[in-house]
Amino acid sequence: MQDDFGVSEWIEKAKCVGILEVASRLGAALKRAGSEHVGPCPSCGHTDTFNVHPRKGIFICHQSDATGDGIAMVQHCRGVEFLEAVEWITGEAKPGGGREISDEQRTERYEDRRDEQMERRIAQDKADAANEVRKATKRSHIDAEWHEAGALRGSHGEAYYAARGLVIEPGWCRDIRFVPASPLWGNNHDDERDAPPRILGHFPCIIAPMRDTQGTITALHRTWLHPEIPARPKSMKKKVDGEPMGSLIWITDPAETTATGEGVETTWAFGMLHRRGDLAGCALAAAYSIGNLCGKAMGTRPHPDADKSPKDRKSVPNGIPDMSSVAMVIPEEVTRVILLGDHEAKDGKQAWTYAHLLTGARRLREQGKEALIWMADLGGDFNDAAIRRRK
């Protein structure tokens, strides 16, 4: 019977209003980020947690996990029911049924909602302030640790890299340092996995700072070594302490053309292989992880070799960058970026790696950079090639 009074048409009229227009009317201050618009949530107030996808016609509030179309957005931001949200968007009362609630009730409900939002914002502001204090304290500690560390050249750390076919060229590795005895935190056995980490010992350690575009150290990358031989035991996993996302480990000073890979050794090996010729003077920087190197994609597609890939890798990124995701930030003076990838053939990893690099390259192009993808020889990596050349 509702359709007899035009309720369906009334609801459809609300759905036809563009979701960006609805967001604007709600007071959302959004900025474009690729195919999305991002900003503080009009309800929660938390910075850059509110995403609007005009093409899909949906929003997502990452603070509260609320999501849906324009009507759902009004419900979330104004604290109203479905029909009230439709009425707010259209400016028209429900056909045949009058208003769902009185103006006085609506005002009272809106004021209650506003008070709840204010309380949440105050609590969130306090949490954010405390988090910033923790971040500042952590950065102060890692900055002091880096400044107190010794030079890489002439150390056990240099011997480790030399055994990997990596030589410190003039002007290289000025940021990478060495600590003769650094505490290794962790657990020895699987049955200790849920226990708090403890100091397992003190071992030689290479530390590489990750810096943002202002040169601030945001994280330290650590590589612990065997105390007697220039090697890294598999049990001593490389770790990052701090906030690595968005920052880079600079092996050289930045330059107009910069090659970037996941790890220090991969990127350094590429530099060793191409330090002469057309790429002489190419800068080198490591991103630590594929996520920081390339950012996230908007979705996935089936793995081209799904029958050969492990169960957890049946799909690969679709190559369309999610510009709202966090990834390495390239300095302005860098105009050309070479993204490096190992070409391991096992478990279909090469297709997975290439799909990530394609996403990263397109992300960089969106930012006005020239971006190239350079994969190592089939079945190997740049470090293997550097070792072979040294021999």
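Residues numbered from 1 in each chain as written. Predicted model: local features only at pLDDT ≥ 70, side-chain atom pairs only at ≥ 80, totals over all residues. Heavy atoms only, no water.

Peer 1: How should I be thinking about the overall build of the protein in this particular structure?
Peer 2: Secondary structure assignment for the protein yields 10 helices and 17 strands. Classification of the 391 residues of the protein by burial places 45% in the buried group. In the protein, of all internal contacts separated by at least 6 residues, the share reaching a separation of at least 24 is 62%. When the accessible surface of the protein is split by element, carbon and sulfur atoms take 49% of a total near 20,600 Å². (Helix = DSSP H or I, 4+ residues; strand = E, 2+ residues; numbered from the N terminus. Buried < 20%, exposed > 50% of the residue type's maximum accessible area, 1.4 Å probe, protein only. Contact = heavy atoms within 4.5 Å. Areas by Shrake-Rupley, 256 points an atom, 1.4 Å probe, with all protein chains shown as cover.)

Peer 1: What is the right way to look at the pattern of salt bridges in this model?
Peer 2: If the charged atoms of two oppositely charged side chains come close together, the side chains can form a pair. For the structure shown, the criterion picks out 13 salt bridges. Here glutamate 265 makes a salt bridge to lysine 238, at a shortest N to O gap of 3.1 Å. Remark: lysine 238 occurs in the loop between β9 (217-224) and β10 (239-242) and glutamate 265 occurs in helix α7 (residues 264-273); sequence separation between them is 27 residues. Among the ionic contacts, a cluster of salt bridges with common partners joins Glu132, Lys135, Arg139 and Glu243. (Salt bridge = Lys/Arg side-chain N within 4 Å of Asp/Glu carboxyl O.)

Peer 1: I'm lost on a negative patch on the surface in this one. Help?
Peer 2: On the surface, Glu108, Glu111, Asp115 and Glu119 cluster together into a patch of negative charge. Here glutamate 111 lies in helix α5 (residues 103-148). Classification of glutamate 111 by relative accessible area gives partly exposed; the value is 36%. (Patch = residues over 30% accessible without salt bridge, like charges linked within 9 Å, V, L, I, M, F, W, Y side chains within 5 Å. Lys, Arg positive; Asp, Glu negative; His and termini not counted. Charge placed at Lys NZ, Arg CZ, Asp CG, Glu CD.)

Peer 1: I tried to follow the sheet that holds strand β17 (residues 370-375) on my own but got confused; where do I start?
Peer 2: Backbone hydrogen bonds hold the strands of a sheet together, and the pairing may be parallel or antiparallel. Strand order across the open sheet formed by five strands is β11-β13-β12-β16-β17, with mixed pairing between neighbours. Of all the strands in the sheet, just β11 (249-250) and β17 have a single pairing partner and so form its edges. Each of β11, β12 (257-261), β13 (283-286), β16 (336-341) and β17 touches α7; the most contacted strand, β13, lies at about 165° to it. Packed on one face of the sheet, helix α9 (residues 349-366) meets β16 and β17 and runs near 165° to β17. (Pairing = 2+ DSSP bridges. Axes fitted to C-alpha atoms, helices over the stretch in contact; angles between N-to-C directions.)

Peer 1: Which parts of the structure should I look at to understand the packing of aromatic side chains?
Peer 2: Geometry of an aromatic ring pair is reported as the spacing of the ring centres plus the angle between the planes. Using the criterion set out here, one finds five aromatic pairs in the structure. Both rings, one in tyrosine 160 and one in tyrosine 161, keep their centres 5.3 Å apart while their planes meet at 55°; by these two values the pair is tilted. Between tyrosine 161 and tryptophan 268 the ring centres are 4.5 Å apart and the planes differ by 50°, which places this aromatic pair in the tilted class. Placement of the pair is tyrosine 161 in helix α6 (residues 156-163) and tryptophan 268 in helix α7, with a sequence separation of 107 residues. Across the pair, exposure class does not vary: tyrosine 161 and tryptophan 268 are buried alike. Three or more aromatic residues joined by ring pairs make a cluster, and in this case those are Tyr160, Tyr161 and Trp268. The ring centre of tryptophan 146 lies 3.7 Å from the NZ or CZ of arginine 177, which sits over that ring. The side chain of arginine 211 reaches across the aromatic face of tryptophan 146, ending 5.0 Å from its centre. (Phe/Tyr/Trp six-rings, centres within 6.5 Å; stacked < 30°, edge-to-face > 60°. Lys NZ or Arg CZ within 6 Å of the ring centre and 35° of its normal.)

Peer 1: Just to check I follow, could you spell out the sheet that holds strand β8 (residues 198-211) for this structure?
Peer 2: What the five strands build is an open sheet, ordered β6-β7-β8-β9-β10; its pairing is antiparallel. A strand with exactly one partner marks an edge of an open sheet, and here the two such strands are β6 (150-151) and β10. Bridging between β6 and strand β7 (residues 177-186) involves two bridges; their strand directions are antiparallel. Residue pairing across strands places alanine 151 opposite arginine 177, the latter belonging to β7. Running over the sheet, α6 touches β7, β8 and β9 and is turned about 75° from β8.

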